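# Examining the three-dimensional arrangement
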Amino acid sequence: MPRSIIEYFAENEKSKCGYCKKPASNYSHGLWAHSMSVSDYQDLIDRGWRRSGKYCYKPTLDIICCPMYTIRCRALEFKASKSQKKVLKRFNKYLTGEYELVSAERKASSSSEEMNIDESGGELFVKSTQEPLKIDIEADLKYIDSPDDSNCEDTVQPSNSNHISGSDKIKVNSNAEQGPDPSKPSCKKAKQMRIERKLEKLRAQGKDMNILMNTISKEKQIEDFIRDLPEETKNKLEIKLVRTTSSSAEWTATANETHAVYVKYQMAIHGDTVEKCTEPKFREFLVQSPLVEEYSEVGPPCGYGSFHQQYRLNGKIIAVGVLDILPKCVSSVYFFYDPQYTNLTMGTYGTLREIEFTRHLHLICPELKYYYMGFYIHSCKKMRYKGAFTPSDLLCPETYNWFPIKDCIPKLEQSPYSRLDPDLRRVDGNVPSDSDINFIPVLCKSQLLSYKVYRKKAGKRNDDAQEILQYANLVGAKCAKSLILVR
């Protein structure tokens, strides 16, 4: 069984907010994952954590200027809006040759349909005061639970360096549909009126109305729009899933081409310099992953872990979705594309295709039914676009239960930070007790110990126990017992 080996950084990192631009107003806790099982990462993101490369971070919502709430789309119930259907139809028209790209490229900042901004406000790297230790994650470790089983000397304290902070795919669709005027009676569409007249006529004839209703009212699903193409098209789109590991021949063969698209995207959309988009930085940010490659009888044939979903147009990579496939969801990490195709609303199109991909995986893996979109930031208007992919839920930062975004918005309108759970009696059910920290697995100098053994052998004081308790509260009791903490 894969082991999760992590280092916790106790300081509450502070940095410039990428949304309101206030200095030192964005706070988060962090940990470095040397390796991580997909089930452990699923549990972490369900407590508000996200990863960027091998660095995982959890925003401190109650003190930051722009609170970030974890958002997920209920993919099985997803219904495309009118504007989202237009994006799918336009792309199909481009494939058939009915729609031509505009020669002049639009910049994301002036687009009337979408913007793509990474969640760190364009800053891919955030400085941290610590660096990860070099450890052997393949070592055969024996867990020591008794103070008499082994000796453990004082651990070596890590030194200073830089870390990556997070960023994930962000695409804004500003063509929000205006709702009906609540002061006026709702008007029925002509199609609905025709259906009602037909049903009334058939009802008078004594027909089976249940069967007829299912036949008449069946709506086109997202798959219907995607597949609504003739057998032969002018342009051919192929979407290929590639595992991003050093041993993946498919990834190695496409690494240079993928990086070239990334450089174009970052420079055109975010105004980055070539120096910010180097191949090592790209790999550290969007290729390296702590997730261990896993396969299961009840899992997808591709397995669980980290992937690039490559969009190939006539054999050429034009866009890439960086994805994590986990036991309960597909989690979007980032999305980038060749700016030449901005007029095709690539960001929205990519999101729709990833929702469709989630639905496809569900047919094979019934437990996998959610599409995680990263963070929803209601206090930043241009970041509200994720709420347009309905139905979606937000994670309560206090009880870690999920609630429909439509029920959360009135609360967020009143206060940027809000307890989303309406039941004031409900508490976090995954909180560790003071005694639980004694059994947290600790890796110290190639020895796997319980924290009570480590603390006794290393002569740690009470303030260290307080730090461990803080860590356990942030990751939850379940993960605290599963993650191996490097000290």
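Criteria and thresholds
- Residues numbered from 1 in each chain as written.
- Predicted model: local features only at pLDDT ≥ 70, side-chain atom pairs only at ≥ 80, totals over all residues.
- Heavy atoms only, no water.
- Helix = DSSP H or I, 4+ residues; strand = E, 2+ residues; numbered from the N terminus.
- Buried < 20%, exposed > 50% of the residue type's maximum accessible area, 1.4 Å probe, protein only.
- Areas by Shrake-Rupley, 256 points an atom, 1.4 Å probe, with all protein chains shown as cover.
- Polar contact = N/O pair within 3.5 Å; in protein donor to acceptor, adjacent residues only side chain to side chain.
- Contact = heavy atoms within 4.5 Å.
- Axes fitted to C-alpha atoms, helices over the stretch in contact; angles between N-to-C directions.
- Parallel < 35°, antiparallel > 145°, perpendicular 65-115°, else oblique.
- Nonpolar A, V, L, I, M, F, W, Y, C, P; charged D, E, K, R; others polar.
- Pairing = 2+ DSSP bridges.
- Salt bridge = Lys/Arg side-chain N within 4 Å of Asp/Glu carboxyl O.
- Phe/Tyr/Trp six-rings, centres within 6.5 Å; stacked < 30°, edge-to-face > 60°.
- Lys NZ or Arg CZ within 6 Å of the ring centre and 35° of its normal.

### So, the overall build of the protein
- Per the secondary structure count, the protein includes 12 helices and 18 strands.
- Out of the 487 residues belonging to the protein, those deemed buried represent 52%.
- About 23,500 Å² of surface is accessible on the protein, with carbon and sulfur atoms providing 50% of the total.

### Some words on the side chain of Q310
- One can find Q310 in strand β10 (residues 305-313).
- Only 2.9 Å separates the side chain of Q310 from the side chain of T254, close enough to count as a polar contact.
- Among all residues touching Q310, those that are not within four sequence positions of it are E238, I239, K240, V242, T254, T258, I317 and A319.

### Side note on the packing of helix α2 (residues 82-96) against helix α8 (residues 346-364)
- The contact between α2 and α8 brings their axes to 10 Å, and the two run at 100°. Our classification of the angle between α2 and α8 gives roughly perpendicular. Across the interface between the two elements, Q84, V87, L88 and F91 of α2 pack against M346, T348, Y349 and L352 of α8.
- Its residues assigned to classes, the contact of α2 with α8 shows six nonpolar, two polar and no charged.

### Digging into unusual backbone geometry
- Note the cis peptide between T390 and P391, where omega equals -5°.
- Residue placement: P391 occurs in the loop between β13 (370-376) and β14 (392-395).
- Non-glycine residue Y400 carries a positive phi angle of around 60°.
- One can find Y400 in the loop between β14 and β15 (402-404).
- Positioned with a positive phi, S446 is a non-glycine residue whose angle comes to about 70°.
- Inspection of the secondary structure assignment puts S446 in the loop between β16 (441-444) and β17 (447-450).

### Examining the sheet that holds β15
- One open sheet holds the eight strands; their spatial order is β9-β10-β11-β12-β13-β5-β14-β15, and the pairing between them is mixed. Of all the strands in the sheet, just β9 (237-243) and β15 have a single pairing partner and so form its edges. With strand direction ignored, the average angle separating the axes of adjacent strands in the sheet is 35°.
- Examined bridge by bridge, β14 and β15 share three bridges and lie antiparallel to one another. Each bridged residue has a counterpart across the sheet, and for D393 the counterpart in β15 is P404.
- The sheet contacts of helix α7 (residues 279-286) involve β10, β11 (316-325) and β12 (329-337), and relative to β12 the element is tilted by about 160°.

### What to know about the pattern of salt bridges
- Applying the stated criterion to the full structure yields 22 salt bridges.
- In this structure, R51 and D324 form a salt bridge, with 2.8 Å as the shortest nitrogen-oxygen distance. Placement of the pair is R51 in strand β3 (residues 50-52) and D324 in strand β11, with a sequence separation of 273 residues. For the pair R51 and D324, one class covers both residues: buried.
- Of the charged contacts, one joins R283 and E279 as a salt bridge, the two residues approaching to 1.9 Å between their closest N and O atoms. Highlighted residues: R283 and E279, both in helix α7, separated by four residues, approximately one helical turn.
- Assessed through its relative accessible area of 29%, E279 is described here as partly exposed.
- One network of salt bridges, with partners in common, ties together R72, R74, E77 and D393.

### Observations regarding the packing of aromatic side chains
- Following the criterion strictly, the structure yields 17 aromatic pairs and no others.
- Ring geometry for F91 versus Y349: centroids 3.9 Å apart, planes at 5°, classification stacked. Of this pair, F91 sits in helix α2 while Y349 is found in helix α8, placing the two residues 258 residues apart along the sequence.
- Geometrically, the ring pair formed by Y265 and Y334 is edge-to-face, given 6.3 Å between the ring centres and 90° between the ring planes. Here Y334 lies in strand β12 and Y265 lies in helix α6 (residues 249-269), a separation of 69 residues in the sequence.
- Clustering of aromatic rings is evident, with ring pairs tying together W251, Y262, Y265, F282, F285, Y311, Y334, F335, F336 and Y337.
- In this structure, R72 packs its charged tip against the face of Y370, placed 3.7 Å from the ring centre.
- Above the ring of F225, the side-chain terminus of K220 is found at 4.5 Å from the ring centroid.

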